Every structure is written in C-alpha cells, then in structure tokens.
Amino acid sequence: RYVVLTTKHHEGFTNWGSPVSWNWNSVDTGPHRDLVGELGEALRESNLRYGLYHSLMEWFNPLYLADKQSDFKTQSFVLKKMMPELYDLVLKYKPDLIWSDGDWEAPDSYWNSTSFLAWLYNDSPVKDTVVVNDRWGRGCSCHHGGFYNCADKYRPGSLPDHKWEMCSSLDKLSWGYRSNMSLAEVMDEMSMIEELVQTVSLGGNYLLNVGPTKEGVIVPIFQERLLALGRWLDTNGEAIYDSQPWRVQMENTTDTVWYTSKGPVVFAIFLLWPRDNVLHLCSPIPSPDTQVTLLGFGGTLEWQKHPGEGMLITLPYMLPSPLPPQSGWAVKLEGVK
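Residues numbered from 1 in each chain as written. Predicted model: local features only at pLDDT ≥ 70, side-chain atom pairs only at ≥ 80, totals over all residues. Heavy atoms only, no water.

**Student:** Before we go on, may I ask you to explain the UniProt feature "site: May be important for catalysis" (unreviewed entry) in the protein in this structure?
**Tutor:** In this numbering, the UniProt entry assigns the feature "site: May be important for catalysis" (unreviewed entry) to Cys 167. Tracing the chain through its elements places Cys 167 in strand β5 (residues 164-169). What makes Cys 167 buried here is its relative accessible area of 7%. Apart from the residues lying within four places of it in its own chain, the contact partners of Cys 167 are Trp 99, Asp 152, Lys 153, Trp 175 and Leu 207. (UniProt positions renumbered as here; feature names shortened; annotations may be inferred. Helix = DSSP H or I, 4+ residues; strand = E, 2+ residues; numbered from the N terminus. Buried < 20%, exposed > 50% of the residue type's maximum accessible area, 1.4 Å probe, protein only. Contact = heavy atoms within 4.5 Å.)

What follows is the structure in structure tokens.
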C-alpha cells in the first residue's frame with residue numbers, strides 16, 4: 001500500500017525547497033510549505049509506503065533546452081539541476097519508491113541514470129528497501145527497472161514474468177486537474193474496480209492518479225470515487241492485498257471472472273452478478289472438503305460439482321432494485337486445486 005506524490009512535473013516547479021530551484025518551489029512561493037516532507041510524515045504515521053514521482057526533463061528550463069539543442073552532447077541541465085534534485089530527494093526524504101518520468105527525449109547516458117541507480121542501490125540510505133520504475137532513458141521502458149510501467153494505462157494480455165504496475169487516472173483525459181472536466185470524463189466506480197481486479201489478477205500493482213486544484217484541493221468527485229474504492233476494499237481487500245496470481249488468471253469463457261490466491265486459498269472475483277444467482281466457475285477443481293464463502297457475507301455457500309467442469313455456487317438472493325448493484329464480489333474457495 002503506497003502513495004506517490006509528484007515532487008516535480010515537466011514544468012519544473014518543485015513541491016519542496018529545492019536548493020537548485022530558487023523561487024520556483026513550494027517553500028519560496030505559493031503555500032510556503034514543504035509538501036513532500038509533510039505528506040511523507042502523514043503517510044508514515046498511517047503505515048503507508050511513500051513514493052516520489054520525479055520528472056527528469058523540464059519543458060522550459062534554458063539549460064535543458066540548450067542540451068537538447070546540442071543533441072544532448074552537453075549535460076549542463078543534468079549536472080546543475082536534475083541530478084542535485086534527485087540526490088536531495090533521496091537524502092532528505094528517504095523514499096520507499098522512486099517513480100521516474102520525462103525520460104523519453106534522451107538516452108540514459110545523458111541522464112546519468114546508471115550512475116545514480118548504482119549509488120541508490122549500493123550506497124544510499126534506502127539501498128536495501130527502495131524500488132524504482134522503468135523510465136530512466138529512451139528505450140528503457142518495459143526492459144529495465146524494479147517494476148515496469150511500460151506505458152501509461154498499460155494492460156498486458158497475459159501474466160507478465162516481471163513485476164509491473166498499471167498507472168491510471170480518474171480523469172480519463174488528463175493527469176492534471178481540469179476545471180472544465182465533465183462527469184462523463186471521470187471513471188465510474190465499476191471501471192475503477194474492474195481495472196484494479198484485472199491488474200492484481202495479472203500480478204500487477206494499481207496506481208490511481210488524481211490531480212489536485214492549484215490550491216491543492218482534491219475535488220469532491222475525486223474524493224467520492226476514492227472513498228468508494230476504499231469501501232469496496234474494506235469488504236474485498238482480502239482477495240487483493242498480499243495476493244498472488246493463481247494458475248489461471250481469468251475464466252476462458254468470460255472476462256468478468258478473475259482469480260487471485262493466497263497459499264492454498266483461491267479467490268474468484270466476479271464483476272457481474274449472475275441473473276439466476278448461480279455462479280459457474282470452470283477453472284477450480286473442487287474436492288469433498290471444499291468450502292465456499294462470499295467476502296462480506298456471513299456463513300458458507302452451497303455448491304455442487306458441475307457435470308462438465310468446475311463448480312456451481314449458489315449465491316445469496318439479492319432483492320430486486322431499480323438501482324444498478326455495486327460492481328465486483330469475491331468468493332473465497334478453500335480446498336480446491
């Protein structure tokens with residue numbers, strides 16, 4: 001469980017008192033606060049891991065533009081601005097995760113990525129705990145990194161052989177806040193849950209972005225969506241947190257049933273409630289000792305072997321309602337193969 005804060009985006013404004021960003025940081029101007037430090041303290045009190053997003057490039061920095069003009073044969077920006085800030089972030093805030101971005105215009109040799117990462121993993125104060133993503137130079141994504149992002153909103157078609165993260169945004173059109181955003185452009189509760197479940201079933205982590213206003217406020221529609229996802233996890237988190245991919249990730253017949261596991265226990269997460277209240281799972285092989293429970297519902301559920309393959313689970317009866325039901329339920333299967 002972790003939170004990632006944008007310490008500096010491509011426009012170069014730093015959300016801490018960077019010693020090489022005079023008057024263009026959150027301590028010298030704006031809120032006059034060290035936002036990176038304050039959030040870090042709050043997260044650690046809540047036992048959450050702390051990740052720092054950092055843009056390597058800066059759109060408007062004259063040093064960067066001059067290096068770009070030289071086809072990145074000079075490194076003035078890297079040596080005087082970018083690297084001092086990256087080292088400062090690590091030494092000052094000791095992050096659990098570094099989420100690098102803005103790398104795609106130049107190779108890793110321009111950014112000095114390899115020397116920084118060698119220091120990070122061998123000599124830095126977080127060398128034994130830190131994790132990094134895969135954006136450290138042109139062509140690096142999906143090839144090098146503690147975990148892969150590959151691309152924004154990346155979804156693999158099958159179980160990858162390397163740890164990965166699905167980075168998504170509640171505003172479907174933007175990563176930053178837009179005052180002209182409409183409700184139709186915001187992900188709904190069902191879409192969030194679907195993305196989360198599909199990602200975790202395929203062994204990934206889910207990083208969901210919200211853009212605050214210029215005053216630093218998370219607007220009510222984003223708050224509502226995040227709280228809804230939190231409520232869903234209060235009930236179904238056992239099937240998500242600390243889980244592993246199972247031998248089957250999804251039912252072959254449908255993309256509405258996804259699997260996770262914890263040791264011998266298997267969780268089947270179904271995104272649509274079956275009309276006849278009977279859930280058919282093809283993949284689990286039941287035994288006489290099989291027990292089935294629905295997360296958030298007391299007691300065990302009745303089940304029987306399917307004449308073809310798998311099992312039929314009788315779900316609790318749901319009263320008819322004019323409102324669409326919530327999305328996503330998880331059955332816990334014990335004693336299956």
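Next comes the rest of the write-up.
**Student:** It is not clear to me how the sheet that holds strand β2 (residues 49-55) should be interpreted in this structure. Could you clarify?
**Tutor:** Pairing between the strands of a sheet is mediated by backbone hydrogen bonds and can be parallel or antiparallel. A sheet is described by the order of its strands in space; here four strands give the open sequence β1-β2-β3-β4, paired in parallel fashion. Edge positions in the open sheet fall to β1 (2-8) and β4 (131-132), since each of these has one partner strand only. The strands touched by helix α1 (residues 35-45) are β1 and β2; relative to β2, the strand with the most contacts, the crossing angle is about 155°. Across the sheet, helix α3 (residues 76-93) touches β1, β2 and β3 (97-101), and the angle it forms with β2 is around 170°. (Pairing = 2+ DSSP bridges. Axes fitted to C-alpha atoms, helices over the stretch in contact; angles between N-to-C directions.)

**Student:** Got a minute to help me understand the side chain of Glu 58 in this structure?
**Tutor:** Looking at the secondary structure, you find Glu 58 in the loop between β2 and α2 (62-69). For Glu 58, the side chain forms a polar contact with the side chain of Asn 61, separated by 3.1 Å. Other than its neighbours up to four places away in sequence, Glu 58 contacts Lys 8, His 10, Gly 12, Tyr 64, Phe 77, Lys 81 and Glu 85. (Polar contact = N/O pair within 3.5 Å; in protein donor to acceptor, adjacent residues only side chain to side chain.)

**Student:** How should the nonpolar core be read in this particular structure?
**Tutor:** Within soluble globular proteins, side chains that are nonpolar tend to cluster in buried spots. Core analysis: the biggest nonpolar cluster contains 31 residues, and Leu 196, Leu 229 and Trp 232 have the highest contact counts within it. Going through the elements one at a time, β5, α6 (189-201), β6 (204-209), α7 (220-236) and β8 (265-270) are the ones with two or more residues in this core. The biggest single contributor to this core is α6, with five residues. Both of domain 1 (2-239) and domain 2 (244-336) provide at least three residues apiece to this core. Beyond its immediate stretch of four places on either side in the chain, Trp 232 contacts Ile 193, Leu 196, Val 197, Gly 237, Ile 240, Ile 269, Gln 326, Ser 327 and Gly 328. By size, the runner-up hydrophobic cluster in this structure holds 23 residues, among which are Met 57, Val 78, Ile 98 and Trp 111. (Core = buried A, V, L, I, M, F, W, Y, C linked by side-chain atoms within 4.5 Å. Domains from an automatic or database assignment.)

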